[in-house]
Amino acid sequence: MRGGLLRGRGLQIYTWLVIAWLVLPIAVMILFGFNDTHGRFNTTWQGFTLKWYGKLFEIDDLTRALVNSLLIAVLTMLVAGVLGSLIGLALGRYRFRGAGAMNLVMFAAISCAEIVMGASLLSLFVTLAVPLGFWTIVISHVMFSISFVAVTVRARVMTLDSSLEEAARDLGASPWTTFRLITLPMIFPGVLAGSMLAFALSIDDFVITNFNSGGTVTFPLWIWGATRVGIPPQVNVMGTLIFAAGVLIAVANALVARRRANA
Amino acid sequence: MSRLRASLTPYLLLFPGTLWLAIFFVIPTVVMLSLSLQSGDVVNGYAFTFNWHSYVDGISTYHDQIIRSLVYGLFSTLIQIVIGFPVAYWIAFKGGSRKSVYLFLLLLPFLVSFVLRTISWQFFLSDNGMLLGPLKSMGLVPQDFHILATSAAVIGGLAYNFLPFMILPMYVALERIDPRVLEAAQDLYASKVQTFLRVVLPLSLPGVFAGVLMTFVPATSDYVNASVLGGTSNTMIGNVIQNQFLINQDYPTASALSFTLMALLLVGIFAYARALGTEDVLEVAAR
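Residues numbered from 1 in each chain as written. Chains lettered and ligands numbered in written order. Predicted model: local features only at pLDDT ≥ 70, side-chain atom pairs only at ≥ 80, totals over all residues.

Visitor: Give me the lowdown on the overall build of chain B, citing residues and values where you can.
Guide: When its secondary structure is counted, chain B shows 12 helices and 2 strands. In chain B, the order of α-helices and β-strands from amino to carboxyl end is α-β-β-α-α-α-α-α-α-α-α-α-α-α. In terms of overall dimensions, chain B has C-alpha extents of about 80 × 75 × 30 Å along its principal axes. Of all 287 residues assigned to chain B, the portion counted as buried reaches 45%. The long-range fraction of contacts in chain B, counting pairs at least 24 apart against all pairs at least 6 apart in sequence, stands at 71%. (Helix = DSSP H or I, 4+ residues; strand = E, 2+ residues; numbered from the N terminus. Buried ≥ 20, exposed ≤ 12 C-beta atoms within 10 Å, placed from the backbone. Contact = placed C-beta atoms within 7 Å.)

Here it is in structure tokens:
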């Protein structure tokens with residue numbers, strides 16, 4: 001018993017150590033957003049300052065890159081959110097010929113190496129002489145996000161009871177009314193989760209964007225380009241703000257879910 | 001009419017998304033295959049010659065990078081299993097009401113850009129940085145000691161970046177284990193070690209397989225870690241593909257190498273998928 005207790009405590013400490021390891025680079029990033037550095041290299045601690053938060057948008061290229069990233073992520077969220085949800089609904093609700101093939105394509109898209117996806121899409125664009133830029137990035141992000149949205153929505157649809165829809169139909173509701181008043185509200189949490197996943201995948205993507213961006217620069221691409229000349233503190237601050245927004249959304253989400261469960 | 005609509009509905013729902021995937025995911029793979037069989041050069045352009053020489057040349061020139069990628073991918077995946085399993089186990093069985101808090105903490109890194117996280121490690125591990133600077137000034141490690149530009153740094157970076165993808169599926173599998181099964185084992189006089197080895201471990205294997213699937217592919221094909229943490233002597237096949245495609249614009253070679261990488265990874269994936277059933281893998285991947 002004592003051994004068991006010790007082992008349980010040991011594993012708990014171990015788990016916290018792994019979490020600390022995972023969070024360490026984030027802590028470093030946040031810390032150096034407050035560094036009162038003067039040279040081009042933000043590498044040694046010079047004292048605490050908030051000035052980078054005030055000068056957040058002083059590097060025009062970086063600001064533009066961040067705006068590009070946000071725009072692309074919103075467009076991806078909307079397009080992949082709708083297209084992926086429709087696939088998820090079809091796969092979760094209906095039995096039809098070809099469902100197996102569809103599952104296989106989505107499995108392939110989810111497990112395919114990013115570099116292979118990026119490279120093959122670039123092959124297509126090069127072959128057709130499509131100019132690379134903002135829209136080719138959006139196309140690529142929608143492409144790799146669709147399957148993730150579809151799988152998320154499908155999981156939600158499969159847990160739902162279809163008798164409510166049947167009841168609506170029996171009561172004379174048209175297919176569209178049934179969808180609008182019954183199906184959509186029921187699957188909406190899945191659609192929302194899938195769309196947010198698409199947003200997160202898009203804003204973080206580096207590899208596929210790197211292949212299909214042409215001259216357009218996104219936030220991760222800008223950081224990549226700046227590695228050799230030194231990362232300015234503004235990048236740390238932007239990273240910190242994105243991180244904080246993510247934490248806030250997740251916590252708010254959890255609180256709402258808990259309140260709903262208690263109600 | 002209404003029956004026809006019912007049977008058409010799933011196809012109508014699938015149509016736009018499937019079209020997108022067909023044009024921008026399936027067809028590009030075929031286009032890349034055709035590119036890899038072309039000959040020519042950047043200046044004069046490339047023409048389709050159905051020539052395998054890009055594969056032969058590419059593989060013979062870059063076999064070091066291909067093997068290194070597989071070795072790094074394999075090692076980082078093994079490290080993730082070893083580091084991640086106890087965490088997944090502890091959260092699944094002892095996490096209690098705080099399970100979701102622990103899972104949330106494990107997912108925190110994904111709220112920071114992949115590139116930025118890796119650069120943060122580069123910064124932390126640099127030769128006179130936050131870790132080695134103090135250690136060197138205290139004389140605990142020799143002055144010329146370095147972590148960056150070693151294969152250990154790349155493997156460590158890969159293990160770090162994909163660890164949550166390994167822990168989550170393992171956690172899902174462990175969490176699903178019915179406690180009554182464990183009680184049954186104990187009622188049948190299995191020791192704790194026996195229960196673990198003969199009940200918990202086999203039941204967790206689907207999670208481990210799914211985790212391997214989700215981490216081995218991105219780790220093996222990565223070029224960000226090798227490029228940021230590995231210096232010039234630890235380049236992986238991803239670095240070569242990126243360089244050939246985007247800098248040298250040697251499309252046939254780059255395509256041939258991408259295809260080789262894809263083929264190598266596919267063999268592994270299908271072996272796993274067969275052992276598991278794709279449905280299961282997708283289900284775990286969705287969580």
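Visitor: Quick one: what's the story with the UniProt feature "transmembrane region" (unreviewed entry) in chain A, residue by residue and with numbers?
Guide: Residue and element names in this part refer to chain A. If you check UniProt for "transmembrane region" (unreviewed entry), the listed places come out as residues 12-34, 70-92, 104-126, 132-153, 181-203 and 237-257 in our numbering. A distance of 31 Å separates the end C-alpha atoms of residues 70-92, which is 100% helix and 0% strand. Note that residues 237-257 is 100% helix and 0% strand, and that its end C-alpha atoms are spaced 30 Å apart. (UniProt positions renumbered as here; feature names shortened; annotations may be inferred.)

Visitor: Lay out the interface of chain B and chain A in plain terms, naming residues and giving numbers.
Guide: Taken together, the contact pairs 72 residues of chain B with 69 residues of chain A. Partitioned by chemical class, the residues of the side of chain B that touches chain A number 57 nonpolar, 13 polar and 2 charged. (Nonpolar A, V, L, I, M, F, W, Y, C, P; charged D, E, K, R; others polar.)

Visitor: I'd like a rundown of the packing of helix α5 (residues 114-127) of chain A against helix α10 (residues 237-247) of chain B, residues and numbers included.
Guide: Packing of α5(A) against α10(B) brings their axes to within 11 Å, and their N-to-C directions diverge by 15°. On the basis of their axis angle, the class for α5(A) and α10(B) is roughly parallel. For the pair α5(A) and α10(B), the sense of crossing is left-handed. Contact residues: Ile115(A), Ala119(A) and Leu122(A) in α5(A); Gly238(B), Ile241(B) and Phe245(B) in α10(B). Residue composition of the contact of α5(A) with α10(B), grouped by class: 5 nonpolar, 1 polar and no charged. (Axes fitted to C-alpha atoms, helices over the stretch in contact; angles between N-to-C directions. Parallel < 35°, antiparallel > 145°, perpendicular 65-115°, else oblique. Left-handed = near helix turned anticlockwise from the far one by under 90°.)

Visitor: Summarise the UniProt feature "transmembrane region" (unreviewed entry) in chain B; cite the residues concerned and give the values.
Guide: Taking the UniProt record as the reference, the feature "transmembrane region" (unreviewed entry) is found at residues 12-35, 70-91, 103-125, 145-174, 195-217 and 253-273 of chain B. Annotation note: span residues 103-125 of chain B, helix share 74%, strand share 0%, distance between end C-alpha atoms 27 Å.

Visitor: Which residues make up helix α8 (residues 175-204) of chain A, and what values do they have?
Guide: Taking 1.5 Å per residue as the helical rise, α8(A) with its 30 residues ought to reach 44 Å, whereas the 38 Å between its terminal C-alpha atoms falls clearly short. Residue Phe188(A) marks the point of greatest curvature in α8(A), where the axis turns by about 50°; the proline Pro189(A) follows within four residues. Restricting attention to buried positions, one finds in α8(A) the residues Ile187(A), Gly190(A), Val191(A), Gly194(A), Ser195(A), Leu197(A), Ala198(A), Phe199(A), Leu201(A), Ser202(A), Ile203(A) and Asp204(A). Turning to α8(A), the residues buried within the fold contact α3 (60-93), α6 (134-158) and α10 (219-226) of chain A together with α4 (114-125) of chain B. (Expected span 1.5 Å × (residues − 1). Bend = angle between axes of the 7 residues up to and from the residue.)

Visitor: Explain the environment of Thr227(A) to me, and be specific about the residues and the numbers.
Guide: The topology assignment puts Thr227(A) in the loop between α10 and α11 (233-262). Residues Thr227(A) and Phe179(A) lie 48 residues apart in sequence; the distance between their C-alpha atoms is 50 Å. Those residues in contact with Thr227(A) that lie beyond four places of it in its chain are Ile119(B) and Val228(B).

Visitor: Describe unusual backbone geometry, naming the residues involved and giving the relevant values.
Guide: Residue and element names in this part refer to chain B. Even without being a glycine, alanine 149 presents a positive backbone phi close to 65°. With respect to the helices and strands, alanine 149 occurs in the loop between α5 (132-137) and α6 (151-176). In this structure alanine 149 comes out as partly exposed when scored by C-beta crowding, with 14 C-beta atoms within 10 Å.

Visitor: An account of the packing of α6(B) against helix α8 (residues 192-220) of chain B is needed here, citing residue identities and associated values.
Guide: All names here are of chain B. Between α6 and α8, the least distance of the axes is 7 Å, while the angle of their chain directions is 155°. Classified by the angle between their axes, α6 and α8 sit roughly antiparallel to one another. Like other packed secondary-structure pairs, α6 and α8 cross with a definite hand, here right-handed. Each of Leu158, Phe162, Phe165, Met166, Pro169, Met170, Val172, Ala173 and Leu174 in α6 lies in contact with α8, whose residues at this interface are Leu203, Ser204, Pro206, Gly207, Val208, Ala210, Gly211, Met214, Thr215, Pro218 and Ala219. Looking at side-chain class alone, the contact of α6 with α8 contains 16 nonpolar, 4 polar and no charged residues.

Visitor: Account for the environment of Gly214(A), with residues named and values stated.
Guide: Residues and elements named next belong to chain A. Tracing the chain through its elements places glycine 214 in the loop between α9 (207-212) and α10. On the basis of neighbour counts, which here come to 16 C-beta atoms within 10 Å, the residue glycine 214 falls in the partly exposed class. Put simply, glycine 214 and alanine 27 are 187 residues apart on the chain and 33 Å apart in space, counted from C-alpha to C-alpha.

Visitor: Help me get a handle on α5(A), residues and values and all.
Guide: Residues and elements named next belong to chain A. For α5, with 14 residues, the first-to-last C-alpha span of 20 Å sits near the 20 Å given by 1.5 Å per residue. Here α5 lies mainly inside the structure; 12 of its 14 residues are buried. Glu114, Ile115, Val116, Met117, Gly118, Ala119, Ser120, Leu121, Leu122, Ser123, Leu124 and Phe125 are the residues of α5 that are buried.

Visitor: So what's going on with the environment of Ala254(B)? Residues and values would help.
Guide: For Ala254(B), the location among the structural elements is in helix α11 (residues 251-276). Note on Ala254(B): 27 C-beta atoms within 10 Å, which makes it buried. Those residues in contact with Ala254(B) that sit more than four places away from it in its chain are Ala119(A), Ile241(B), Gln244(B) and Phe245(B).

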